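# Report on the structure
Residues per chain are reported as follows:
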Amino acid sequence: MISYKNHSEKLRLLNEEKFSLVENVQEFLSRIEERKKLNAFNSLFVEEALQRAEEVQQKISKGSAGKLAGMVIAIKDVLAIKDKPLTCSSKILENFTSLYTATAVQKLIDEDAIIIGKTNCDEFAMGSSNENSAFGAVKNPVDETRVTGGSSGGSAAAVAANLCDVSLGTDTGGSIRQPAAFCGIYGLKPTYGLVSRFGLTAFASSFDSIGPFANSVEDIALVLEVLAGHDKNDSTSIKTETKSYSTLLRNDEQKLRIGIPKEYFAEGLSAEIKVKIESVIQKLKEKNFSVEEVSLPHTEFAIATYYILTTAEASSNLARFDGARYGYRSKQSSSLAKMYKSSRSEGFGSEVKRRIMLGTYVLSSGYYDAYYKKAQQVRRKIKDDFIKAFSKVDVLLTPTTPTTAFKLGEKTTDPLEMYLSDIFTTSANLAGIPGINIPIGKDKNNLPIGLQLLANQFEEEKLLLLGVILENEILTD
Ligand code: GLN
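In what follows, the accompanying structure is described.

Let us now look at the pairing of strand β11 (residues 395-399). By the criterion of burial, β11 is predominantly enclosed, with five of the five residues buried. Of the strand pairs in this sheet, β11 and strand β13 (residues 448-455) are connected by five bridges, and their pairing is antiparallel. Note that in β13 the partner of Leu-397 across the bridge is Leu-453.

Structure (structure tokens):
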């Protein structure tokens with residue numbers, strides 16, 4: 001089996017002709033076939049990936065290949081790729097084909113990555129277990145009786161099961177960090193506005209962010225470097241200087257100050273996760289990191305605020321799926337109103353419908369002030385908590401999830417219980433700040449445990465710097 005720990009090692013082995021890119025892609029394809037039961041992919045681009053492998057191999061030998069030369073990447077099926085299916089794991093888009101390519105995906109292609117296929121996810125990225133897909137749940141590669149987490153479950157499973165090098169996911173309330181934690185890999189949600197959302201099917205536009213899953217911090221840094229940057233097609237993408245995250249990784253001059261938000265270690269957190277995180281904190285102290293307790297007093301309101309604001313935005317964003325313009329149209333279409341109603345009723349799954357109804361309710365004229373406006377005000381308070389905390393510390397360290405991966409079917413009948421699995425991740429999206437999941441070991445059932453690092457807006461390098469120290473120095477001894 002071809003094996004390497006990150007992209008720079010892969011490139012070295014390719015240059016030494018230890019294996020060819022075509023062999024590498026073939027190996028991924030046969031593993032995808034072997035692990036078909038995971039249900040990680042919605043579509044595969046077999047011929048194109050093999051052909052690209054040959055082209056990129058030639059570029060490598062000529063020395064003209066881009067930064068991601070030969071990196072095999074899977075894309076969450078909410079991102080557009082020209083002439084490829086874009087289903088959002090929904091029946092309503094089952095036969096829809098994209099007319100253009102998302103900026104994030106194009107940037108990967110421009111740096112000579114190889115796109116291998118599109119991954120399964122919760123329908124329109126709404127969910128925490130990947131059980132809301134119209135094409136069936138994704139199984140956790142570590143234990144197939146358990147969920148991968150969601151909504152980017154297919155992307156997380158694909159990296160964890162070694163079905164590709166890296167994948168892209170999206171994170172509106174935790175959909176990169178939570179499945180990364182459940183599957184035992186790295187997953188980064190960038191600062192809101194750092195990566196263009198052009199070509200991403202919108203769920204909650206003021207929350208959605210696109211980011212990578214990988215098996216090393218180094219690969220996360222490299223892919224982020226390619227993804228980041230202003231895009232004139234996305235008016236919320238920010239004009240900041242682009243940073244060379246992969247070289248910043250090697251700067252260990254700076255001793256980061258670490259904050260532990262006490263609200264994240266309260267009731268509901270699994271004892272095993274708590275103990276594991278405390279042992280990492282202890283090791284950081286031994287390495288002379290300054291660690292202090294901080295408070296984010298509005299944490300308890302995060303889930304409610306998140307579910308009011310995101311459902312409001314979703315109800316508006318999903319209005320476009322009306323049977324007329326995209327995808328599925330019901331046969332029950334004797335009048336215009338009937339066509340809208342039946343297409344949406346038959347096309348959307350139950351979680352998506354629940355959110356559209358909740359969102360429509362919180363935006364309705366009689367309730368707008370009580371719910372939507374109030375939630376906007378609380379969002380500001382949550383953000384202010386972070387601003388205050390980051391005036392004292394560089395990075396916040398928390399658990400990523402309250403439990404390890406739960407059983408398939410365990411929470412499907414109780415949406416509130418399901419929503420609570422996002423308790424540690426939604427705040428970062430409310431505040432627009434970046435976060436990363438670092439796998440730090442296993443529980444007694446051999447299930448991965450994740451640690452979350454959060455930093456102030458546009459300070460991804462601090463997450464990566466501490467992440468690499470954890471990966472290479474703390475978790476190895
Ligand atoms: N699990 C959360 C939700 O259901 C987050 C989803 C996401 O980040 N896309 O909304």
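On the secondary structure map, Ser-155 appears in helix α5 (residues 153-160). The class for Ser-155 is buried, based on a relative accessible area of 0%. Contacts of Ser-155, omitting those with residues within four sequence positions, involve Lys-76, Thr-119, Asn-120, Ser-167, Leu-168, Gly-169 and Phe-213.

A general tendency of soluble globular proteins is for nonpolar side chains to be buried together. Ranked by internal contacts, the top residues of the largest apolar core, which has 108 residues, are Leu-108, Phe-124, Phe-386 and Leu-453. Here Leu-108 is in contact with Leu-68, Ile-73, Ile-75, Ala-113, Leu-168, Val-223, Val-226 and Leu-227, once residues within four sequence places are set aside. Counting 35 residues, the second-largest nonpolar core is a separate cluster that includes Leu-21, Val-56, Cys-183 and Phe-213.

The next subject is the sheet that holds strand β12 (residues 435-442). Read across the open sheet, the 11 strands follow the order β1-β3-β2-β6-β8-β7-β12-β13-β11-β9-β10; overall the sheet is mixed. Either end of the sheet is taken by a strand with one partner, and the two such strands are β1 (41-44) and β10 (290-294). Sheet twist, expressed as the average angle between the axes of neighbouring strands with direction ignored, equals 30°. Where strand β6 (residues 166-171) and strand β8 (residues 209-214) come together, five bridges link them in antiparallel fashion. Bridge pairing in β8 links Leu-168 to Pro-212. This element, helix α2 (residues 21-34), spans β1, β2 (72-76) and β3 (114-119) of the sheet and lies at about 15° to β3. Set on the sheet, helix α7 (residues 217-227) makes contact with β6, β7 (186-189), β8 and β12; between it and β8 the angle comes to about 150°.

As a matter of local geometry, the ligand sits amid 15 residues, with Thr-172, Gly-173, Ser-175, Tyr-306 and Arg-355 nearest to it. Within the side chain of Tyr-307, a nitrogen or oxygen atom sits 3.3 Å from an oxygen atom of the ligand. Alone, the ligand offers 290 Å² of accessible surface; in the complex the protein occludes 100% of this. By residue class, the composition of the shell around the ligand is five nonpolar, seven polar and three charged.

For helix α13 (residues 369-389), which comprises 21 residues, the first-to-last C-alpha distance of 29 Å matches the rise-based estimate of 30 Å (1.5 Å per residue) to within 8%. Against α10 (302-317), α12 (350-363), β11, α15 (426-431) and β13 lie the buried residues of α13.

Working definition: an aromatic ring pair is given by the centre-to-centre distance plus the angle between the planes. Overall, the coordinates contain 17 aromatic pairs when judged by the stated rule. Where Tyr-307 meets Tyr-419, the ring centres are 3.9 Å apart and the plane angle is 10°; that geometry is what we call stacked. Of this pair, Tyr-307 sits in helix α10 while Tyr-419 is found in helix α14 (residues 415-419), placing the two residues 112 residues apart along the sequence. Of the two residues, Tyr-307 and Tyr-419, both sit in the buried class. What links up through ring pairs into an aromatic cluster is the set Phe-96, Phe-124, Phe-321, Tyr-326 and Phe-348.

Okay, α5 next. Buried residues dominate α5, accounting for seven of its eight residues. Among all positions of α5, only Gly-153, Gly-154, Ser-155, Ala-156, Ala-157, Ala-158 and Val-159 are buried. Positive backbone phi, at 60°, marks Asn-162, one or two positions downstream of α5.

What follows concerns the environment of Phe-321. Take Phe-321: it is sitting in the loop between α10 and α11 (336-347). Accessibility expressed as a relative area gives 4% for Phe-321, which makes it buried. Placed 303 residues apart in sequence, Phe-321 and Lys-18 show a C-alpha to C-alpha distance of 49 Å. In this view, Phe-321 contacts Ile-92, Leu-93, Phe-124, Thr-201, Tyr-326, Arg-344 and Phe-348; residues no more than four positions away in its chain are not counted.

All right, on to a nonpolar patch on the surface then. Residues Tyr-361, Tyr-367 and Tyr-371 make up a contiguous nonpolar surface patch of roughly 280 Å² in combined accessible area. With respect to the secondary-structure elements, Tyr-371 resides in helix α13.

Per the counting criterion, the structure on display carries zero disulfides. Here Cys-183 is not cross-linked by a disulfide; its sulfur's nearest cysteine counterpart is in Cys-164, at 12 Å. Judged by relative accessible area, which is 4%, Cys-183 ranks as buried.

Attention shifts here to unusual backbone geometry. The step from Gly-150 to Ser-151 runs through a cis peptide bond, and the omega angle for that step is 10°. Mapped onto the fold, Ser-151 is located in the loop between β5 (143-147) and α5. One non-glycine residue, Ala-125, lies in positive phi territory at about 65°. Note that Ala-125 resides in the loop between β3 and β4 (139-140). Given the relative accessible area of 6%, Ala-125 is considered buried.

Time to look at the packing of α10 against α13. One can describe the packing of α10 onto α13 by two numbers: an axis separation of 9 Å at closest approach and a directional angle of 125°. Here α13 runs oblique to α10, going by the angle between their axes. In the crossing of α10 with α13, the sense of the turn from one axis to the other is left-handed. Mapping the contact onto sequence places Ala-302, Thr-305, Ile-308, Leu-309, Ala-312 and Glu-313 in α10 and Tyr-371, Tyr-372, Ala-375, Gln-376, Val-378, Arg-379 and Ile-382 in α13. Across the contact of α10 with α13, the residue classes tally to nine nonpolar, two polar and two charged.

What counts, and where the lines are drawn
Residues numbered from 1 in each chain as written. Predicted model: local features only at pLDDT ≥ 70, side-chain atom pairs only at ≥ 80, totals over all residues. Heavy atoms only, no water. Buried < 20%, exposed > 50% of the residue type's maximum accessible area, 1.4 Å probe, protein only. Helix = DSSP H or I, 4+ residues; strand = E, 2+ residues; numbered from the N terminus. Pairing = 2+ DSSP bridges. Contact = heavy atoms within 4.5 Å. Core = buried A, V, L, I, M, F, W, Y, C linked by side-chain atoms within 4.5 Å. Axes fitted to C-alpha atoms, helices over the stretch in contact; angles between N-to-C directions. Near = heavy atom within 4 Å. Polar contact = N/O pair within 3.5 Å; in protein donor to acceptor, adjacent residues only side chain to side chain. Areas by Shrake-Rupley, 256 points an atom, 1.4 Å probe, with all protein chains shown as cover. Nonpolar A, V, L, I, M, F, W, Y, C, P; charged D, E, K, R; others polar. Expected span 1.5 Å × (residues − 1). Phe/Tyr/Trp six-rings, centres within 6.5 Å; stacked < 30°, edge-to-face > 60°. Patch = residues over 30% accessible without salt bridge, like charges linked within 9 Å, V, L, I, M, F, W, Y side chains within 5 Å. Salt bridge = Lys/Arg side-chain N within 4 Å of Asp/Glu carboxyl O. Disulfide = S-S within 2.5 Å. Parallel < 35°, antiparallel > 145°, perpendicular 65-115°, else oblique. Left-handed = near helix turned anticlockwise from the far one by under 90°.

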